[in-house]
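One letter stands for each residue in the lines below.
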Amino acid sequence: MVLTNNVTIIFLLGFPNLQNFTFLFFSLLVLIFCGTISGNLLIMVLYLVSKTLQSPMYFFITQLSLCDLLLTTDIVPVLLHTVLYGGSSITLIGCFIQYFFFATSESSECLLLSVMSYDRYVAICNPLRYHCIMSHGVCVTSVSMICLVGVIVASVNITVTYNVYLCGRHVIDHFYCDIEPMMHLFCAHISILHKLLMGSLIVVIPFIIIVTSYVYIVITILKIPSTTGRHKAFSTCSSHLIVVSMFYGTLMIAYMFPSGGESTTLSKILSLMYTVLTPLLNPIIYTLRNNNFKEAFHNLKSIVKSK
């Protein structure tokens, strides 16, 4: 493929109005980055070493941690450089590479959350056939298909935009290379394809699956006669529901909100939520609210101390 653009460098503005808060914001981002890496790696290690976590639900949580790790290592290092130096230069190729990993991880996470909601639906609404329906082979195949779809969506977006001629200032008023702010650089209008792929296929359809699953889950839980039984059933999916609400809430508002003017600042804040803060909170939500994770963590500490 021959690149038709003579543009080689893109400048990311990041957060130009931080002024006296640069060092504080940078330090906070470093702490979040370290916490995100540590928390998600801990979940993956606990899953690998603990026999009590060998179930479909924890397998999907581990894959979610993998997506969060990919997203964090893709976005945060460039963000730190942008904050520290008041902006960041990135090659056009590098910009597309960053977007590829961002789109792959975000798309995979959207689809993974919908599969996790279906997993909770089967566990609560059809518990006798749970291990038959959600077998290890089905789980691995589901994750493989999710990764494939994520790569295809990112590749299609890049293929379409790669040869579109860039005009005007080669500056992105954002802290990473997302297609939405990059649209202002392109001479052609290609936002319809992006909204179709990321909006309909990756966001709306999985969200419908999640809502449908939880409607049936709530109906089933309300039919349970005892209060203890209802509480126990709901506790198995409450962490996932919190993560879905937090992730989809900020993601949908960010992509639905008009760009330009004062809304650009809001878009950046929302983007910080689902690219930086959510990957930090996901392992905290799942570990603090789950007794099996707590038990596995204490067992791991005992093994480490004994050695």
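Sequence positions are assigned chain by chain, starting from 1 and proceeding in written order. Under the rules for a predicted model, residues below a pLDDT of 70 receive no local features and side-chain atom pairs below 80 are neither given nor counted, while totals for whole chains, interfaces and linings still include all residues. With hydrogens and water excluded, all non-hydrogen atoms of the structure serve as input to the side-chain values.

Student: Honestly, the UniProt feature "transmembrane region" (unreviewed entry) in the protein chain in this entry has me stumped. Any pointers?
Tutor: UniProt positions are given in the numbering used here, feature names are shortened, and annotations may be inferred rather than shown by experiment. As annotated in UniProt, the feature "transmembrane region" (unreviewed entry) corresponds to residues 23–49, 82–102, 138–160, 201–222, 234–257 and 269–288 in the numbering used here. Numbering goes from the N terminus for both helices and strands, where a helix is a DSSP run of H or I of at least four residues and a strand is a run of E of at least two. Spanning residues 201–222, this segment combines 100% helix with 0% strand, and its end C-alpha atoms are found 32 Å apart. Secondary structure within residues 269–288 divides into 100% helix and 0% strand; the distance between the first and last C-alpha atoms comes to 26 Å.

Student: Help me understand the pairing of strand β2 (residues 88–91), please; the structure alone is not making it clear to me.
Tutor: Successive residues of a regular strand alternate their side chains across the two faces of the sheet. Each residue is placed in one exposure class: buried if its accessible area under a 1.4 Å probe, protein chains only, is under 20% of its type's maximum, exposed if it is over 50%, and partly exposed if it falls in between. Of the two faces of β2, only the one carrying S88 and I90 is buried; S89 and T91 on the other face are not. In this sheet, β2 lies alongside strand β1 (residues 9–12) in antiparallel orientation, the contact comprising four bridges. Counterpart to L12 in the pairing with β2 is S88. For two strands to count as paired, DSSP must find a minimum of two bridges between them.

Student: I'm lost on the packing of aromatic side chains in this one. Help?
Tutor: Classification of ring pairs rests on two measures: the distance between centres of Phe, Tyr or Trp rings, Trp counted by its six-membered ring, which must be within 6.5 Å, and the angle between planes, read as stacked under 30 degrees, edge-to-face over 60 and tilted in between. Counted under the stated rule, the structure contains 13 aromatic pairs. Both rings, one in Y99 and one in F102, keep their centres 6.3 Å apart while their planes meet at 50°; by these two values the pair is tilted. Of the two residues, Y99 and F102 both sit in helix α3 (residues 92–125), three residues apart, roughly one turn of that helix. With respect to class, Y99 is no different from F102; both count as buried. Members of the aromatic cluster, joined through ring pairs, are F15, F25, Y99, F102, F175 and Y176. By the criterion adopted, a ring carries a charge over it if an Arg CZ or a Lys NZ lies within 6 Å of its centre and within 35 degrees of its normal. The ring of F15 is capped by K268, whose NZ or CZ atom sits 5.7 Å from the centre of that ring.

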